[in-house]
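Now for the letters of each chain:
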Amino acid sequence: MEKIVLLVDKDHQKKIFGEKYYDRMRRIGEVKIYDADSYDDKEYVKSFVSGATIIVTTWGSPVIDKDILDACPELRAVIHAAGSIKPVISDEFVARRIRITNSAVAIGEGVAETALGFAISACKGFYQLNRDTSRGIWRENAYDTVVDFYDINVGVISGGYVGRHMVKLLKNFHVNVYMYDPILTKEQIAEIGAEKVELCELLSICDVVSIHAPSIPATDNMINKGNLCLMKDKAILINTARGSVINEKDLIEELKKGRLFACIDVTDPEPPVEDNALRSLDNVILTPHIAGTVSNGLKRIALHACEEIERLVGGEKMRTEVDLDSLSRLA
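The structure presented is a predicted model; accordingly, all values stated were derived computationally and were not measured.

Let us look at the sheet that holds strand E7 (residues 176–180). As summarised here, the arrangement of the seven strands in space is E8-E7-E6-E9-E10-E11-E12, forming an open sheet in which the pairing is parallel. Taken across any chain shown, the strands that pair with only one partner, and hence form the sheet edges, are strand E8 (195–196) and strand E12 (284–286). Bridge analysis of strand E10 (residues 236–239) against strand E11 (residues 261–264) gives four bridges, and the strand direction is parallel. Looking at the pairing, Ile238 lines up with Cys263 of E11. Of the strands in this sheet, strand E9 (208–211), E10, E11 and E12 are in contact with helix H6 (residues 104–123), which crosses E10 at around 160°.

Strand residues, when the strand is regular, have side chains that alternate between the two faces of the sheet. Residues Ile236 and Ile238 point to one face of E10 and Leu237 and Asn239 to the other, with burial holding for every one of them. In terms of strand pairing, E9 meets E10 through four bridges, oriented parallel. Within the sheet, the bridge partner assigned to Val208 lies in E10 and is Ile236. As for the winding sense of the linkage, the β-α-β connection from E10 through helix H13 (residues 248–255) to E11 is right-handed.

Along the chain, Leu184 turns up in the loop between E7 and helix H10 (186–192). With a relative accessible area of 12%, Leu184 lands in the buried category. A C-alpha to C-alpha distance of 25 Å links Leu184 and Ala82, two positions 102 residues apart in sequence. Those residues in contact with Leu184, other than ones at most four positions away along the chain, are Gly159, Arg164, Met179, Ile189, Ile192 and Lys196.

With that settled, consider the side chain of Glu2. Following the sequence through the fold, Glu2 ends up in strand E1 (residues 2–6). Taking relative accessible area as the criterion, Glu2 reaches 12% and is therefore assigned buried. Within the structure, Glu2 has its side chain in polar contact with the side chain of Thr53 (distance 2.6 Å). Among the polar contacts listed, one links the side chain of Glu2 to the side chain of Arg76, at a separation of 2.6 Å. Apart from residues no more than four positions distant in its own chain, Glu2 is found in contact with Ile28, Gly29, Glu30, Thr53, Ile54, Arg76 and Val313.

In a soluble, globular protein the nonpolar side chains are often hidden away together inside. Grouped together as the largest cluster of nonpolar side chains are 55 residues, with contacts concentrated most on Leu6, Phe17, Val56, Phe149 and Leu170. At ten residues, H6 tops the list of elements feeding residues into this core. In this view, Phe17 contacts Leu6, Val8, His12, Tyr22, Met25, Val56, Ala81, Lys299, Ala302 and Ala305; residues no more than four positions away in its chain are not counted. One finds Val197, Leu202, Cys206 and Ile264 within the second-largest nonpolar core, a separate group that totals 30 residues.

Parameters at a glance
- Residues numbered from 1 in each chain as written.
- Predicted model: local features only at pLDDT ≥ 70, side-chain atom pairs only at ≥ 80, totals over all residues.
- Heavy atoms only, no water.
- Pairing = 2+ DSSP bridges.
- Helix = DSSP H or I, 4+ residues; strand = E, 2+ residues; numbered from the N terminus.
- Contact = heavy atoms within 4.5 Å.
- Axes fitted to C-alpha atoms, helices over the stretch in contact; angles between N-to-C directions.
- Buried < 20%, exposed > 50% of the residue type's maximum accessible area, 1.4 Å probe, protein only.
- Right-handed = clockwise from strand over helix to strand, strands pointing away.
- Polar contact = N/O pair within 3.5 Å; in protein donor to acceptor, adjacent residues only side chain to side chain.
- Core = buried A, V, L, I, M, F, W, Y, C linked by side-chain atoms within 4.5 Å.

Right under this line is the structure:
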């Protein structure tokens, strides 16, 4: 019988999990739910996880280090109920080649759905027209503002979980979908449902550009003065990925020209300072990093964790197993 240990603090137990998901895990084996108020007592943590065959972690969970691994000699996998696995893995963990999954796909579905919402609402001019109607204007600016979400070019930057789900959603519309991803081949991107193009071409031909790239050294300031100028007049730039992907100073400089519209959910740093121009420019929608799972949507993560455990125990391939040899390319 499996011994499933949730190294999840009480706050995240409430937000992410619940009896519905614990009961689903109990069909597989014994389930232990962390009961201390912190992870400060290292000996207690080791005692609590002792003998675990599956450990579930999330934001704020302790690093799975040598001490924890030594206490779990039969550990089969760690199911990380959050995004990046880097906060919970150690060098010893990597050396022992313990299997691990993350929940990026569950989080990413919400991110992509938010990006699509931004795309449609920005094209239709909801934000500007709402401002007009509040000032007594009716349809005077509608024709010059509205772009119907039809027969336009939509660019997706990065073909990870979020970018793939974005393309899946876009297939429901009559739009042309382009993707930039330096790792994926033309054939792989075609299989996702998009056409592969280079970054500069994507920025120059697309009416909507949605960024879904990870925050890694290779993507730092990837969108900057040198390529923002390539974007079409009235193009829409959406960032629900990470603030570091865009050079914020360059973006603000371009936005002040009034020719672009931006939907920004992430900044660097967060939150932005009170006098940051992104807070006040009329052609910017700024939200406080809510594109992913925030409230009830967090339950998607619990569902995904349960499904991954079931796949593991059933001998199936886990959907989001992380290749430990490619950590340098991961956020």
